[in-house]
Amino acid sequence: GGSVAPPLTTVDPDELDGEDGEDGAAGTTTTTTSTTAPPARPPAPVSRDLEVGARARTSVRLGDVLAAPVVSALVEAPGADVIVEHRVTSVHGFDVKPCTTGGASTWHFAYGDTTVAARELLVLFNPFPDDAIVEGRFSTEDGVREPQRWTDGLVVPARGTVAVDLGDDVTRREEVAATIVARTGRIVVDRIVRIDGETDRGLTLQSGVPAPMETWVYPDGRISPTLREEYVVYNPTEALAEVELQFFLDEPEVNGIPESVDLSLPPGAHQVVDVNADGRVPQNVSHSAVIRSGNGVPVVAERVIFAAGESAAARKGISVTTGAPLESRTW
């Protein structure tokens, strides 16, 4: 509701820097919750009161509030409307995204990466007083996967947080779309991906999408020899989705109007459009993009930008966003 700011989740950055669950800073190991036994009950939540003046903002480092490898937060502002974003920082980079505005029983992600050079962490937060039982389904470049511990059901304890290294379930895949469903209860799910490859390096944060939509709008985009842009479209429904990806170039009278990209997505499948490799969008020309379902079957879409400039002043890193599912008079 308008008086409740969104749940948000953060992770100790050092927990993202190791390989195979190893902490890059302290040499400790990170474990994920097993389905063979219920998870330990989380410690009691810690509260902190804040004052935010009119047209003002404030920030809180969650590590100063509660010391733990994985920390989630619920921000509430009774009687007021506030906007909350959250930031995750690592030696590989940082990302800032808007928080979600409430819990849901289903969360979707179009993008994902569990290759050797990447680590993908799903953080499941249950701000409610009852335990949630969660299952997951994943679409990779070689088909749909339903790992055993996800089909058995993960327990996310009441007012607790569970972090899952997805590489333990979907090993060495360049493309991992995901649907997380709570059999009981409601949760909030974040995805944090750290990439440390020869060409791509960075950190990206994104909350899931609680429902697929028929339209996704991206007002800005650009490709160049050092900027690579991809669109990942995922169909989590049980029906075939016919999708059109349209590009709109700045100064179309000079730069032209690119042909649209048509996609046909079977149930549970996803597809990646590499804009640089496709060739229909010119380099160094700003553009916007619209992804629209042509047959009324909603989809989930994310835009991925990789920046790999060589100079000290060049942009570097990775950015992933779901875009906007609607137009509005105020942003």
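Residues numbered from 1 in each chain as written. Predicted model: local features only at pLDDT ≥ 70, side-chain atom pairs only at ≥ 80, totals over all residues. Heavy atoms only, no water.

**Student:** An account of the overall build of the chain is requested, with residue identities and associated values reported.
**Tutor:** Helix and strand counts for the chain come out as four helices and 21 strands. Expressed as a percentage of its 331 residues, the buried residues of the chain come to 46%. Considering only residue pairs separated by 6 or more positions, the chain has 77% of its internal contacts joining residues 24 or more positions apart. Of the roughly 16600 Å² of accessible surface on the chain, 49% is carried by carbon and sulfur atoms. (Helix = DSSP H or I, 4+ residues; strand = E, 2+ residues; numbered from the N terminus. Buried < 20%, exposed > 50% of the residue type's maximum accessible area, 1.4 Å probe, protein only. Contact = heavy atoms within 4.5 Å. Areas by Shrake-Rupley, 256 points an atom, 1.4 Å probe, with all protein chains shown as cover.)

**Student:** Give me the sheet that holds strand E18 (residues 270–274): which residues, what numbers.
**Tutor:** The strand order E18-E15-E20-E21 describes an open sheet built from four strands, whose pairing is antiparallel. One side of each edge strand has no neighbouring strand; the edge strands of this open sheet are E18 and strand E21 (316–321). Across the sheet, the axes of successive neighbouring strands diverge by a mean angle of 15°, strand direction being ignored. As judged from the five bridges shared by strand E15 (residues 227–234) and E18, these two strands associate in the antiparallel manner. When the bridges of E18 are listed, Glu230 appears paired with Asp274. (Pairing = 2+ DSSP bridges. Axes fitted to C-alpha atoms, helices over the stretch in contact; angles between N-to-C directions.)

**Student:** Could you give an account of the confidence of the model for the chain, naming the residues involved and the relevant values?
**Tutor:** The share of residues in the chain with pLDDT of 70 or more is 88%, and the mean pLDDT across the chain is 89. For the stretch residues 1–7, pLDDT sits under 50, and the model shows 30 contacts to residues farther than four places along the chain or on other chains. Contacts of residues 18–36 to residues separated by more than four positions or lying in other chains number 35 contacts, the stretch itself having pLDDT below 50. (pLDDT = per-residue confidence, 0-100.)

**Student:** Can you break down the sheet that holds strand E13 (residues 201–207) residue by residue, with the values?
**Tutor:** With antiparallel pairing, the four strands of this open sheet are ordered in space as E10-E6-E12-E13. The open sheet has two edge strands with one neighbour each: strand E10 (160–165) and E13. Going across the sheet, the axis of each strand differs from the next one's by a mean of 15°, ignoring polarity.

**Student:** I'd love a proper account of the environment of Trp150, names of residues and values included.
**Tutor:** Its place among the elements puts Trp150 in helix H2 (residues 148–152). Put simply, Trp150 and Glu135 are 15 residues apart on the chain and 4.6 Å apart in space, counted from C-alpha to C-alpha. Not counting chain neighbours up to four residues away, the residues in contact with Trp150 comprise Leu122, Leu124, Val134, Glu135, Gly136, Phe138, Val164, Leu166, Asp169, Ile180 and Arg183. For Trp150, the side chain forms a polar contact with the side chain of Asp169, separated by 3.0 Å. (Polar contact = N/O pair within 3.5 Å; in protein donor to acceptor, adjacent residues only side chain to side chain.)

**Student:** Just give me the short version of a nonpolar patch on the surface, but keep the residues and values in it.
**Tutor:** On the surface, Leu50, Val52 and Val60 cluster together into a nonpolar patch covering about 240 Å² of accessible area. Here Leu50 falls in the partly exposed class, since its relative accessible area comes to 48%. (Patch = residues over 30% accessible without salt bridge, like charges linked within 9 Å, V, L, I, M, F, W, Y side chains within 5 Å. Salt bridge = Lys/Arg side-chain N within 4 Å of Asp/Glu carboxyl O.)

**Student:** How would you explain the side chain of Asp200 if you had to name every residue and give the values?
**Tutor:** Inspection of the secondary structure puts Asp200 in the loop between strand E12 (188–196) and E13. Engagement of the side chain of Asp200 in a polar contact is seen with the side chain of Arg228, the distance being 3.3 Å. With residues up to four places along the chain from it excluded, the contact list for Asp200 reads Ile195, Arg228 and Phe306.

**Student:** Explain the packing of aromatic side chains to me, using residue names and the numbers behind them.
**Tutor:** A full pass over the atoms with the stated rule returns three aromatic pairs. Relative to Trp150, the ring of Phe138 lies with its centre 5.4 Å away and its plane at 75°, an arrangement referred to as edge-to-face. Placement of the pair is Phe138 in strand E7 (residues 132–140) and Trp150 in helix H2, with a sequence separation of 12 residues. Trp150 shares its class with Phe138; the two are buried. (Phe/Tyr/Trp six-rings, centres within 6.5 Å; stacked < 30°, edge-to-face > 60°.)

**Student:** Give me the lowdown on the nonpolar core, citing residues and values where you can.
**Tutor:** Core analysis: the biggest nonpolar cluster contains 36 residues, and Tyr111, Tyr231, Val233, Val243, Leu245, Phe247 and Ile291 have the highest contact counts within it. Of all elements in the fold, only E12, strand E14 (215–221), E15, strand E16 (241–249), strand E17 (261–265), strand E19 (287–293), strand E20 (300–308) and E21 reach the threshold of two or more residues within this core. Among the nonpolar cores identified, the runner-up in size contains 23 residues, and Phe109, Leu124, Val162 and Ile187 belong to it. (Core = buried A, V, L, I, M, F, W, Y, C linked by side-chain atoms within 4.5 Å.)

**Student:** Quick rundown of unusual backbone geometry? Include the residues and the values.
**Tutor:** Backbone geometry at Arg159 places phi at a positive 55°, although glycine is not the residue there. By the secondary structure assignment, Arg159 is in the loop between strand E9 (154–156) and E10. Of note, the phi angle at Asn284 is positive, near 60°, even though the residue is not glycine. Topologically, Asn284 is positioned in the loop between helix H4 (275–278) and E19.

**Student:** Any details on a negative patch on the surface? Residues and values, ideally.
**Tutor:** A cluster of acidic residues, Asp220, Asp250, Glu251 and Glu253, forms a negative patch on the protein surface. Here Asp220 is to be found in strand E14. (Lys, Arg positive; Asp, Glu negative; His and termini not counted. Charge placed at Lys NZ, Arg CZ, Asp CG, Glu CD.)

**Student:** Give a detailed account of the side chain of Asn235, specifying residues and quantitative values.
**Tutor:** Tracing the sequence through the fold places Asn235 in the loop between E15 and E16. For Asn235, the residues in contact, after removing those within four places along its chain, are Leu240, Ala241, Leu265, Pro266, Pro267, Gly268, Ala269, Val297, Pro298 and Val299.

**Student:** Now, about the pattern of salt bridges: what can you tell me, with residues and values included?
**Tutor:** Applying the stated rule across the entire model yields 12 salt bridges. Of the charged contacts, one joins Arg61 and Asp64 as a salt bridge, the two residues approaching to 3.1 Å between their closest N and O atoms. A relative accessible area of 56% places Arg61 in the exposed class. As a salt-bridge pair, Arg149 and Asp169 come within 2.8 Å of each other at their nearest N and O atoms.

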